[in-house]
Amino acid sequence: MSTTTSPPTPTESVEPPNGTKSLVRGTLPRWASWGALGAAAVLAGLIVRLLGFGVTPFVLSTAVLYAIGISGWSRWVEGGRKATDRAFTALVASAFLLALTPLVSVVVTVISRGLDRFDGQFFTYSMRGVVGDGGGAYHAIMGTLITSGLATLMSVPIGLATAIYLVEYGHGRLSRAITFFVDVMTGIPSIVAGLFAYALFALVFGPGTVNGFAGAVALSVLMIPIVVRSSEEMLKIVPDDLREAAFALGTPKWKVIVRVVLPTAVAGISTGVTLAIARVVGETAPLLIATGATGSTNFNPFSGQMATLSVFSYYEYASPGVPVDPSLDRAWTAALTLMLIVMVLNLVARSISLLFAPKAGR
Amino acid sequence: MSNTGQGAATARRVRKRPADQAFRGITTGAGVLILVVLAGVAAFLLIEAWPSFVAPAEEIPGEGGLVLYIWPLVFGTLLASVLALVIAAPLAVLIALFITHYAPRKLAQFLGYVVDLLAAVPSIIYGLWGFTVLAPATRGPAEWLHEYLGFVPLFAGPPSTTGRTMFTTALVLAVMILPIVTAVIREAFLQTPKLHEEASLALGATRLEMIRMAVLPFGSSSIISGSMLGLGRALGETMAVAIVLSASGGVTFNLISSGNPATIAANIALEFPESSGVAIDTLIASGLVLFAITLVVNMIARAVINRRTDFSGAS
Amino acid sequence: MQRSIVRRTAAVAAAAALTVVLGACGAANESSGNSDQSGLSGTLDGAGASSQEAAQQAWRAAFSEQNPDVTINYSPIGSGGGRERFVNGASDFGGTDAALEGEELKGAKQRCGTLVEVPVYVSPVAVSFNLDGIDELKLTPQTIAKIFNQKITKWNSEEIRKTNPNADLPNLPITPVNRSDESGTTENFVDYLSSAAPNAWPHEVSGNWPVSGGEAAKGTSGVKSAINAGQGTIGYLDASQAGDLGSVAVGVGEEFVSYSPEAAAKVLEVSERKTGQGEHVYAYDLARDTTESGTYPIVLVSYGMACGSYDDANTGKLVRSYFEYLLSEEGQQAAADAAGSAPISAGLREKLQPAVEAIGASS
């Protein structure tokens, strides 16, 4: 979008005919934004210094002064429309910075508290036979990978196929019903999904069936509607021209969908899937009910309780031993690990979409 | 988007191709499977909640009957989520604009990645952060609001000494839903037809005018669906609210005192583990109500989107 | 195009498979040693009160060290869930902050044949506050009840000054902090208030905090942080987590008692065992209003539940030896070290012995 900054008309050189008002207004010099920002910062610094406030008021008043300054200057030199534009640019940039502050604060908190125990032992030890200091989350990391992996394996095919049905085939009562009930599904509180999975497995496999697969089913209930909704949005955006061109070449419909529609939408779909995984990977309540908790490593999702990172982190925080610190350190490091796992997932999703996408988007 | 025309045109051919039939069958089956799962969940909820509908009022926790128990929770849920959305939605639009139309391309890709990542931070982390970092930071502003705007019922006070108020909760929720709302809106803004943008710029529009004429109309349905996704997450948010909010009961618009109504999801998480008997049924009934609220929200969003799509021509 | 997609898919799949294979080797501290020292092997699943979680962690660590082929799981899903799972036969043993009653008691007996319910975990509940320069306050039950009922609202009020003539009490509002989640700690604290100060505490006893408008926080950690965060706050929490907060010495009879493991364990000695519940059900009506010297009456007593008969005789054997360990001097000390609980006395241990021996005996 860099083209937008240069004015579309020739500037200063135009002489006003007959001495009437110029049709073209002047423009601010290139350094105007930075200059104004610097001036605003200096002024804000002075004010804040005089009144004796902290960093936050300084940043806020810099933003406000900059917006006022640049739009005033621009109104004087360039006219109203440009001034509004510049004020809006300032607004967008400061909104971005404002929103970034808490997010950065969250990340910094997690990293700084989580680094204490970010060591080899944490990733190779389980909590079996560990009291107080030491121990690790190997068992929980594996549990999280297994349960979320299974949930993804179940949710993505079902969710994606449903989205395809809704966009490509669905019209009429069934598709309206599905759209409606997928919306309903997004409203299921996570703990209810856990209870549902627990009750279902108790019914089918006998009371007390608590294992990794039950947890994955609970997560799928939460995940499917997100996959459907985001994939649906992305499939809808694929231009009809593409489909029609493929149909005109005599391509069967399923092939059009698989080879034209899906690759076009794959970037958006994978973002949606990542968001869906991210949404469920940190769930605590359903996993505690349906998957249970253990201090030992368990690779078998179909038998026995399984530890997961979120549950591990929550219970190290919620019911620490005496002294408290080793437990809290483990809780924060587990949270940090969870974030890193999601980051890796995100990278994988991005590379998949890069591999399959027909052309690079913006 | 409607495929009716296509469907009719290819109808004859579809019958000839078994692969097409099979594919269609698979996708339809997936849709039906979702209906079955949901029917299962709904049946489960109704069966589990049923005893609380028929139980005498004295057996419901609080002894005032089901409605009296759930009503403050509904109020708290709506108050927290709507406040969060009011804070987050405009910010999300601005951030999405910044990423798609203002930031340099390299930076924009990186920022998009960061935003996706933040959507993934587990809610318990937001809870701990809200408790240890944000809540103490809101004490000063809350006292200021109480002192100068105390006549507004929202800031009637007395200000909480720990900062764990409805105001803080709404801020935490806003921060939590911001990445998700932004991600959805950003994806849509990225899909704005280049031609529309370039045409309006070529006509001499400033960047703001181009955004107003080309980007926002195209993205409006996504703004709404993104917001609703965010609202849905805020409504159902459990752990963060449970940790941050000082939920000690009462229906009040007072945002900065320590007496606040709980939210439905947080209340379920807080009460469920140690409950038994009718109390559990009551909690599940409150879960049903949350279900219904989300449903209504989604229906409104759908209706709005459908009306908008006709107008903007964006499919 | 077709082939390249296939190849890419294969590459992605291979990468995923590799990750799984690399991951699938056990944790470094879990040796698959088949040393047959004890002859016990198998897995036990327990669920219940989260108050026991820290103690259970210590117990299963030590127990599985002695018996390397035994895996013990305990899900801290809460007392309600713990009782329900135990009654349904969904868990091998259970933990609960409130003894089984009514329908649940009947159901448990039906499942078990002989029901065994014994106190395994006794934890003092501290009343802690945050006031600059004051480490200890002496408060009568009436005063505590009035503070938490928001009837006494200033730290320098008459009632507090009367029992603390030497303390430099500030003119600060009192912010009472309570648990926002339903909990055994709340139930025991409220039970204490209503039996030791019935006039000042008109509310009914349950796991839910009955007074609205105070500061509410989730879990013990939440209450502690909330007390720390504000000046003039007061709350109740597991004594093991109270740390360096100011603490209340509670009025018992004529004297004031601070919490200590010994003083807390003494409550069980002076309390009556509930009768007519079953031969091996040791549920107690705690004597909150005791005037016995040196007793700290605000305690949380958490029970362990087990059966006289199990479908599988080996399970019964495992549960019995696990419970034997829990109640042993060694086990109680391990819990005291890890969770700050009060070890049960030798006298009580002797009384509970027949109950423990009944576990799994009739299968």
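Residues numbered from 1 in each chain as written. Chains lettered and ligands numbered in written order. Predicted model: local features only at pLDDT ≥ 70, side-chain atom pairs only at ≥ 80, totals over all residues.

**Comments concerning the overall build of chain C**
Reasoning step 1: A count of helices and strands for chain C gives 12 helices and 13 strands.
Reasoning step 2: With the principal axes as the frame, chain C shows a C-alpha extent of 85 × 65 × 35 Å.
Reasoning step 3: Looking at chain C residue by residue over its 363 residues, the buried ones come to 53%.
Reasoning step 4: If you take every contact in chain C between residues at least 6 apart in sequence, the share linking residues at least 24 apart comes to 75%. (Helix = DSSP H or I, 4+ residues; strand = E, 2+ residues; numbered from the N terminus. Buried ≥ 20, exposed ≤ 12 C-beta atoms within 10 Å, placed from the backbone. Contact = placed C-beta atoms within 7 Å.)

**Considering unusual backbone geometry**
Residues and elements named next belong to chain C.
Reasoning step 1: Its identity is not glycine, yet Gln150 carries a phi of approximately 60 degrees, on the positive side.
Reasoning step 2: Inspection of the secondary structure assignment puts Gln150 in the loop between helix H5 (141-148) and helix H6 (158-163).
Reasoning step 3: What makes Gln150 partly exposed here is the crowd of 14 C-beta atoms within 10 Å.

**A closer look at the UniProt feature "transmembrane region" (unreviewed entry) in chain A**
Reasoning step 1: Mapped onto this structure's residue numbering, the UniProt feature "transmembrane region" (unreviewed entry) falls at residues 31-52, 58-76, 88-111, 137-166, 178-204, 210-228, 256-278 and 331-357 of chain A.
Reasoning step 2: Measuring from the first to the last C-alpha atom of residues 58-76 of chain A gives 27 Å, for a span that is 100% helix and 0% strand. (UniProt positions renumbered as here; feature names shortened; annotations may be inferred.)

**Examining the interface of chain A and chain B**
Reasoning step 1: Contacts between chain A and chain B engage 76 residues on the former and 74 residues on the latter.
Reasoning step 2: The set of elements that each furnish at least two residues to the side of chain A that touches chain B consists of helix H3 (80-114), helix H5 (138-169), helix H6 (173-186), helix H7 (190-205), helix H8 (212-237), helix H10 (253-281), helix H12 (309-318) and helix H13 (325-356) of chain A.
Reasoning step 3: For the side of chain A that touches chain B, the leading source of residues is H3(A), giving 18 residues.

**Considerations on the domain arrangement of chain C**
Residues and elements named next belong to chain C.
Reasoning step 1: In terms of domains, chain C is made up of domain 1 (18-123 + 270-285 + 302-357) and domain 2 (125-264).
Reasoning step 2: Of note, the centres of domain 1 and domain 2, computed from C-alpha atoms alone, are 31 Å apart.
Reasoning step 3: On the side of domain 2, 9 residues touch domain 1, which itself brings 13 residues to the contact.
Reasoning step 4: Of all the secondary-structure elements, those providing two or more residues to the side of domain 1 that touches domain 2 are strand E4 (115-130) and helix H11 (329-339).
Reasoning step 5: Looking at the side of domain 1 that touches domain 2 residue by residue, the classes come out as 7 nonpolar, 5 polar and 1 charged. (Domains from an automatic or database assignment. Nonpolar A, V, L, I, M, F, W, Y, C, P; charged D, E, K, R; others polar.)

**Observations concerning the environment of Gly184(C)**
Reasoning step 1: If you trace the backbone, Gly184(C) turns up in helix H7 (residues 184-196).
Reasoning step 2: When the 24 C-beta atoms within 10 Å are taken as the criterion, Gly184(C) is described as buried.
Reasoning step 3: Along the chain, Gly184(C) and Leu139(C) lie 45 residues apart, while their C-alpha atoms are 23 Å from each other.
Reasoning step 4: The residues contacting Gly184(C), other than those within four sequence positions of it, are Glu274(B), Ala49(C), Ser51(C), Ser79(C), Asp97(C), Ala98(C), Gly207(C), Leu300(C) and Ser302(C).

**Side note on the domain arrangement of chain A**
All names here are of chain A.
Reasoning step 1: Per the domain assignment, the segments of chain A are domain 1 (32-116) and domain 2 (124-356).
Reasoning step 2: Of the residues lining the interface, 5 residues belong to domain 1; the matching set on domain 2 comes to 6 residues.
Reasoning step 3: For the side of domain 1 that touches domain 2, the per-class residue count stands at 2 nonpolar, 1 polar and 2 charged.

**Focus: the UniProt feature "domain: PBP" (unreviewed entry) in chain C**
Reasoning step 1: Here, the residues flagged by UniProt with the feature "domain: PBP" (unreviewed entry) are residues 39-330 of chain C.
Reasoning step 2: Here residues 39-330 of chain C runs as 34% helix and 25% strand, with 21 Å between its end C-alpha atoms.

**Some remarks on the nonpolar core**
Reasoning step 1: Core analysis: the largest hydrophobic core is formed by 299 residues, its most contacted members being Ala197(A), Ala84(B), Ile177(B), Val181(B), Ala269(B), Ala58(C) and Leu193(C).
Reasoning step 2: Once residues lying within four places of it in the same chain are set aside, the contact partners of Ala269(B) are Ile191(A), Ala285(A), Thr238(B), Met239(B) and Ala242(B).
Reasoning step 3: By size, the runner-up hydrophobic cluster in this structure holds 8 residues, among which are Ala36(A), Ala40(A), Ala67(A) and Ile70(A). (Core = buried A, V, L, I, M, F, W, Y, C linked by C-beta atoms within 7 Å.)

**Observations regarding the interface of chain A and chain C**
Reasoning step 1: Each side of the interface is counted separately: chain A has 36 residues, and chain C has 37 residues.
Reasoning step 2: Elements represented by at least two residues in the side of chain A that touches chain C include exactly H5, helix H11 (285-290), H12 and H13 of chain A.
Reasoning step 3: Among the elements that take part in the side of chain A that touches chain C, H5(A) stands out by supplying 4 residues, more than any other.

**Details of helix H3 (residues 79-88) of chain C**
Residue and element names in this part refer to chain C.
Reasoning step 1: Among the 10 residues that make up H3, 9 are buried, leaving the element largely enclosed by the rest of the structure.
Reasoning step 2: Residues of H3 that are buried include every one of Ser79, Gly80, Gly81, Gly82, Arg83, Glu84, Arg85, Phe86 and Val87, and no others.
Reasoning step 3: A positive phi of about 80 degrees marks Gly89, the residue just after H3.

**Looking at the packing of H6(A) against H8(A)**
All names here are of chain A.
Reasoning step 1: Here H6 crosses H8 at 130 degrees, and the two axes come no closer than 8 Å. Comparing their axes, H8 and H6 come out oblique. Between H6 and H8 lies a crossing whose hand is left-handed. Residues Val182, Met185 and Thr186 of H6 touch H8, and the partners they reach there are Ile224, Pro225, Val228 and Arg229.
Reasoning step 2: Its residues assigned to classes, the contact of H6 with H8 comprises 5 nonpolar, 1 polar and 1 charged. (Axes fitted to C-alpha atoms, helices over the stretch in contact; angles between N-to-C directions. Parallel < 35°, antiparallel > 145°, perpendicular 65-115°, else oblique. Left-handed = near helix turned anticlockwise from the far one by under 90°.)

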